[in-house]
Amino acid sequence: RKEVEQDPGPFNVPEGATVAFNCTYSNSASQSFFWYRQDCRKEPKLLMSVYSSGNEDGRFTAQLNRASQYISLLIRDSKLSDSATYLCVVIRGNTPLVFGKGTRLSVIA
Amino acid sequence: GAGVSQSPSNKVTEKGKDVELRCDPISGHTALYWYRQSLGQGLEFLIYFQGNSAPDKSGLPSDRFSAERTGGSVSTLTIQRTQQEDSAVYLCASSLRTGNTEAFFGQGTRLTVV
C-alpha cells in the first residue's frame, strides 16, 4: 500500500460548484500535512497546511481525520483558475515530504 | 536569489552520457530535496540533505545517480551513463529545516535522453 493515496480524477466541475478531495495516509506516525497545487508544466506550490482543528482560507477548507487517517480539501464556488492538480503531502518527523500522485481538477465554464 | 534556482532548465543528452543538474536553494534554508516527475506522474523522492549530509538516499533509483551538497548551499545531482528511462523533470526544493515547514520548489530541469 502506498504511503499517500489520492483519487487521480479528473474531477470536471462547472464554475461555482463545490468540490472535495480526500487523501489517505498509511503511517499513523505521520505528523504534518499539507495541500500543494501544481499547474500544468509548473512546479508545485504550497496551497495550505492542514491542522488538527481544521482550517479555512477563503474558499478553501482543509480537514484532518487522524482516526481514519485521511485529510480532505474542500473548494467552494470553484473558479476557472482553480483548474490544477492538487497534491496531498505528508511528513513524519524529520523525513522528507511524501507526495501523493495528485488529483486533477478541471473547472469548466 | 529570491527563490530556488535550477539549471539548466532544459537538457537534451545522448544515451550513455553523464549529466549534472544544479540546484541553488533559498539562502538560509538548511534542508534541500530532489524529486523527479515523469510526464503525467506524481513526484518521486530521490534524496534529501540536511546541511551537507544526506540522511536518506533510499530514493535514488540506481548507483548511476549521486548527489552532493557543499557549503550547506548549492547541490548537484549527477546521473552517469544516462538511459532513456531517466527522461523526466527533476525538481529541487528547499525549506528552512526538515519537518513541518513549507518547501519551496524550483522550476525544474527537464531532462530528455535521446
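Position numbers for residues start from 1 in each chain and track the written sequence from start to end. Naming scheme: in the order in which they are written, chains are lettered from A and ligands are numbered from 1. Reporting in this predicted model follows two pLDDT cut-offs: at least 70 for local features of residues, and 80 or more for side-chain atom pairs to be given and counted; totals over whole chains, interfaces and linings ignore these cut-offs and use all residues. Values reported for side chains reflect all heavy atoms of the structure, with hydrogen atoms and water molecules removed beforehand.

## Describing the interface of chain B and chain A
So, point 1. With 20 residues of chain B at the interface, the matching set in chain A holds 17 residues.
So, point 2. Accessible-area loss on putting two parts together, using a 1.4 Å probe and summing over both, is the definition of buried area adopted here. For the pair chain B and chain A, the summed buried surface comes to about 1,600 Å²; carbon and sulfur atoms form 56% of the total.
So, point 3. Only one rule defines a salt bridge in this text: a Lys or Arg side-chain nitrogen within 4 Å of an Asp or Glu carboxyl oxygen. Scanning the region where chain B abuts chain A turns up zero salt bridges.
So, point 4. Within 3.5 Å is the distance limit for a polar contact, defined as a pair of N or O atoms, with the added protein rule that one can donate a hydrogen and the other accept it, and that residues adjacent in sequence qualify only through two side-chain atoms. Between the two partners, chain B and chain A, sit three residue pairs in polar contact (both at pLDDT 80 or more).
So, point 5. Helix and strand definitions here come from DSSP, where helices need a minimum of 4 consecutive H or I residues and strands a minimum of 2 consecutive E residues; each element is numbered from the N-terminal end. Those elements that place two or more of their residues in the side of chain B that touches chain A are strand S4 (31–37) and strand S5 (43–50) of chain B.
So, point 6. Along the lines of polarity and charge, the residues of the side of chain B that touches chain A split into eight nonpolar, nine polar and three charged. Every residue pair with non-hydrogen atoms within 4.5 Å of one another is taken to be in contact. Residue classes follow a fixed rule: Ala, Val, Leu, Ile, Met, Phe, Trp, Tyr, Cys and Pro count as nonpolar, while Asp, Glu, Lys and Arg count as charged, and any other residue, Gly among them, counts as polar.

## Points about unusual backbone geometry
So, point 1. Put simply, Gly9(A) and Pro10(A) share a cis peptide bond, and its omega is 10°.
So, point 2. Mapped onto the elements of the fold, Pro10(A) is located in the loop between strand S1 (4–6) and strand S2 (11–14).
So, point 3. A cis geometry characterises the amide bond from Ser7(B) onward to Pro8(B), with omega recorded as -10°.
So, point 4. Residue position: Pro8(B) is located in the loop between strand S1 (5–7) and strand S2 (10–13).
So, point 5. The phi dihedral of Asp77(A) falls on the positive side, at around 50°, and the residue is not glycine.
So, point 6. Its place among the elements puts Asp77(A) in the loop between strand S8 (70–75) and strand S9 (84–91).
So, point 7. Although it is not a glycine, Arg81(B) adopts a positive phi angle of roughly 50°.

## Looking at the packing of aromatic side chains
So, point 1. Each pair of aromatic rings taken from Phe, Tyr and Trp, with Trp reduced to its six-membered ring, is defined by centres within 6.5 Å and is described as stacked if the planes are under 30 degrees apart, edge-to-face if over 60, and tilted in the remaining cases. Inspection of the entire model under this criterion finds 13 aromatic pairs over all chains.
So, point 2. With centroids separated by 5.7 Å and ring planes inclined at 65°, the aromatic side chains of Tyr36(A) and Phe99(A) adopt a geometry described as edge-to-face. Here the residue Tyr36(A) occupies a position in strand S4 (residues 32–38), and Phe99(A) occupies one in strand S10 (residues 98–99), the gap between them amounting to 63 residues. With respect to class, Tyr36(A) is no different from Phe99(A); both count as buried.
So, point 3. Both rings, one in Phe99(A) and one in Phe105(B), keep their centres 5.8 Å apart while their planes meet at 70°; by these two values the pair is edge-to-face. Here Phe99(A) is found in strand S10, whereas its partner Phe105(B) is found in strand S10 (residues 104–105) on a different chain. Buried residues are those whose accessible area, probed at 1.4 Å on protein chains only, stays under 20% of the maximum for their type, while exposed residues exceed 50% and partly exposed ones sit between those limits.

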